[in-house]
Amino acid sequence: MRYLITGAAGFIGSHLCTALLAQGSEVWGIDDLSQGNMDRLEHLKDHPRFHFTKSCISKAGLLEEVIKKVDVIYHMAAVVGVKRYVEEPVRVIDVNVCFTSRLFELAWQYDKKVVFTSTSEVYGKNSDIPFRESANRVYGPSTKDRWCYAISKTAAEHLCLGYIKKGLRAVIIRYFNVYGPHADTSAYGGVATRFINQLLNNKPLTVHNDGSQTRCFTYIDDILKGTIEAGSCKDAEGNIFNLGHHRETPILELAQIILDVSGIKGEIVFQPYKEFYGTSYEDIPRRIPDLSAAEQILNYKPVITLEEGLKKTFKWYKSRM
Ligand code: UDP
């Protein structure tokens with residue numbers, strides 16, 4: 001099989017490149033490296049079946065040229081990271097909606113299958129837990145930039161579903177708090193690897209608010225299995241799937257588990273939201289997936305426990321220091 005992965009130098013994109021190449025496929029990767037990082041692809045640089053282009057997906061002619069060559073497109077390029085949503089809402093909408101629209105159009109024109117990676121963020125602050133794929137989306141006001149990402153991914157989902165109606169073969173997957181080696185550890189990254197980075201740099205773990213807000217953290221290997229199946233399973237086409245983990249974990253507990261698995265006597269401090277994000281932020285109190293659709297159609301079953309996944313992740317970051 002021949003694949004295009006946009007956002008190939010991103011956290012999940014780079015893992016996906018490695019996994020698909022290991023299956024014997026040929027992979028074209030595009031990334032503008034605005035958030036992606038070539039370190040994540042270093043091990044593939046001389047791979048005969050890997051073709052990488054450093055470019056924005058909006059570059060005239062590039063997408064079309066590559067799309068013609070492949071069977072399946074994984075569209076992963078996006079502006080991500082909560083701190084970015086509140087700092088750069090214009091770029092979030094431009095990349096996540098406008099450029100994405102062009103990609104769907106080309107995929108439809110050339111009859112290529114698309115796996116569109118969306119996000120659990122689309123459910124917003126809906127309190128009806130767990131989230132089924134058909135659940136309502138509940139957002140705050142547009143004056144809170146935090147919601148621009150949810151809106152952008154929702155708009156892209158509508159575009160994708162619109163093209164599906166016109167005949168596009170596509171699957172939408174919604175990720176729930178993915179972590180693992182190669183995840184962003186900066187202020188723009190997810191909380192799990194941010195805590196690990198703080199710990200390894202002898203800094204206190206900054207738990208926002210009182211740490212009672214919850215997430216379901218999902219290890220990259222589990223996510224990869226679901227993502228690959230979404231690209232190959234015929235019955236998945238036309239559907240939306242949550243990909244995540246069942247276990248609901250408060251952020252304070254996450255910090256404590258990271259201290260436990262690391263064996264380091266680190267410190268936890270509580271930080272007000274405003275101090276980190278400014279005033280344009282609003283948190284999501286609970287986020288839990290209903291995984292029954294993915295279990296039934298994609299045969300998806302997350303098997304890595306949080307302790308196991310965090311241990312592996314911590315070990316990987318420690319080894320790179
Ligand atoms: N968070 C935290 N400390 C940090 C970074 C994030 O307590 O240093 C919290 C954040 O406020 C949120 C949760 O961790 O409640 C998950 O944040 P993340 O940025 O990983 O993504 P989200 O799930 O909100 O999209």
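Residues numbered from 1 in each chain as written. Predicted model: local features only at pLDDT ≥ 70, side-chain atom pairs only at ≥ 80, totals over all residues. Heavy atoms only, no water.

**Student:** Pulling in residues and values, what's your account of the site of the ligand?
**Tutor:** Within the structure, the ligand sits among 19 residues, and R194, T206, H208, R215 and D283 are positioned closest to it. The separation between an oxygen atom of the ligand and a polar side-chain atom of N177 is 2.9 Å. The contact in question runs from an oxygen atom of the ligand to an N or O atom on the side chain of Y281, over 3.3 Å. About the coverage of the ligand: the protein hides 94% of its 520 Å² of free accessible area. Of all elements in the fold, only helix 6 (191-200), strand 8 (205-208) and helix 9 (273-277) reach the threshold of two or more residues within the shell around the ligand. Of the residues in the shell around the ligand, the class split is eight nonpolar, five polar and six charged. (Near = heavy atom within 4 Å. Polar contact = N/O pair within 3.5 Å; in protein donor to acceptor, adjacent residues only side chain to side chain. Areas by Shrake-Rupley, 256 points an atom, 1.4 Å probe, with all protein chains shown as cover. Helix = DSSP H or I, 4+ residues; strand = E, 2+ residues; numbered from the N terminus. Nonpolar A, V, L, I, M, F, W, Y, C, P; charged D, E, K, R; others polar.)

**Student:** Which residues make up the environment of I164, and what values go with them?
**Tutor:** Relative to the assigned elements, I164 resides in helix 5 (residues 147-165). Between the C-alpha atoms of I164 and E237, which are 73 residues apart in sequence, the distance is 8.9 Å. Beyond its immediate stretch of four places on either side in the chain, I164 contacts A170 and G238. (Contact = heavy atoms within 4.5 Å.)

**Student:** Explain the sheet that holds strand 6 (residues 170-175) to me, and be specific about the residues and the numbers.
**Tutor:** The parallel open sheet is built from seven strands, whose spatial order is 3-2-1-4-5-6-11. For this open sheet the edge positions go to strand 3 (50-54) and strand 11 (240-243), each flanked by a neighbour on one side alone. Pairwise comparison of adjacent strand axes, ignoring direction, gives a mean angle of 20° for this sheet. Summarising the sheet, strand 1 (residues 2-6) and strand 2 (residues 26-31) pair through five bridges and their orientation is parallel. Residue T6 lies in a different strand from strand 2, and its bridge partner there is I30. Across the sheet, helix 2 (residues 62-69) is in contact with strand 1, strand 2, strand 3 and strand 4 (72-75); its angle to strand 2 comes to roughly 165°. Across the sheet, helix 5 is in contact with strand 5 (113-119), strand 6 and strand 11; its angle to strand 5 comes to roughly 155°. (Pairing = 2+ DSSP bridges. Axes fitted to C-alpha atoms, helices over the stretch in contact; angles between N-to-C directions.)

**Student:** Please provide a residue-by-residue account of the packing of helix 4 (residues 89-109) against helix 5, values included.
**Tutor:** Running from N to C, helix 4 and helix 5 cross one another at 10°; their axes reach a closest spacing of 9 Å. Here helix 4 lies roughly parallel to helix 5, going by the angle between them. The residues of helix 5 that touch helix 4, namely those facing P89, V92, I93, N96, V97, T100, S101, F104, E105 and W108, are C148, Y149, S152, K153, A155, A156, L159, C160 and Y163. Taken together, the residues of the contact of helix 4 with helix 5 break down into 13 nonpolar, four polar and two charged. (Parallel < 35°, antiparallel > 145°, perpendicular 65-115°, else oblique.)

**Student:** Please set out the side chain of S55 residue by residue, giving values where relevant.
**Tutor:** By the element assignment, S55 lies in the loop between strand 3 and helix 2. Excluding anything up to four places from it in sequence, S55 contacts I30, D31, D32 and L62.

**Student:** Describe the packing of aromatic side chains, with residues and values.
**Tutor:** As enumerated under the stated definition, the model contains 13 aromatic pairs in all. Taken together, a centroid distance of 4.6 Å and an interplanar angle of 20° make the contact between Y123 and F131 stacked. A relative accessible area of 0% places Y123 in the buried class. On the basis of an interplanar angle of 25° and a centroid distance of 5.8 Å, the ring pair of Y139 and W147 is categorised as stacked. (Phe/Tyr/Trp six-rings, centres within 6.5 Å; stacked < 30°, edge-to-face > 60°. Buried < 20%, exposed > 50% of the residue type's maximum accessible area, 1.4 Å probe, protein only.)

**Student:** I'd love a proper account of helix 5, names of residues and values included.
**Tutor:** Taking 1.5 Å of rise per residue, the 19 residues of helix 5 would be expected to cover 27 Å, and the 27 Å separating its terminal C-alpha atoms lies within 8% of that figure. Of all the residues in helix 5, the buried ones are W147, C148, Y149, A150, S152, K153, T154, A156, E157, C160 and Y163. Looking at the residues trailing helix 5, positive phi occurs at G167, about 120°. (Expected span 1.5 Å × (residues − 1).)

**Student:** I'd like to hear about the state of the cysteines, residue by residue, with values.
**Tutor:** Overall, the coordinates contain zero disulfides when judged by the stated rule. We note that C56 lacks a disulfide partner, and the nearest cysteine sulfur, in C98, lies 11 Å from it. By relative accessible area, which is 26% here, C56 ends up partly exposed. Left without a disulfide partner, C160 is nearest to the cysteine sulfur of C233, which lies 16 Å away. Overall, C160 belongs to the buried group, its relative accessible area being 0%. (Disulfide = S-S within 2.5 Å.)

**Student:** I'd like a rundown of the pattern of salt bridges, residues and numbers included.
**Tutor:** Using the criterion set out here, one finds 17 salt bridges in the structure. Between D111 and R169 there is a salt bridge, with the nearest N and O atoms lying 3.4 Å from each other. With D111 in the loop between helix 4 and strand 5 and R169 in the loop between helix 5 and strand 6, this pair connects stretches of sequence that are 58 residues apart. R169 sits in the partly exposed class, given a relative accessible area of 26%. Here R215 and D283 are joined by a salt bridge, their closest N and O atoms 2.9 Å apart. Of this pair, R215 sits in strand 9 (residues 214-215) while D283 sits in the loop between helix 9 and helix 10 (292-298), and the two are 68 residues apart along the sequence. Summarising the burial analysis for this pair, R215 and D283 share the class buried. Here the salt bridges share partners, and the residues they tie into one network are K113, K234 and E237. (Salt bridge = Lys/Arg side-chain N within 4 Å of Asp/Glu carboxyl O.)

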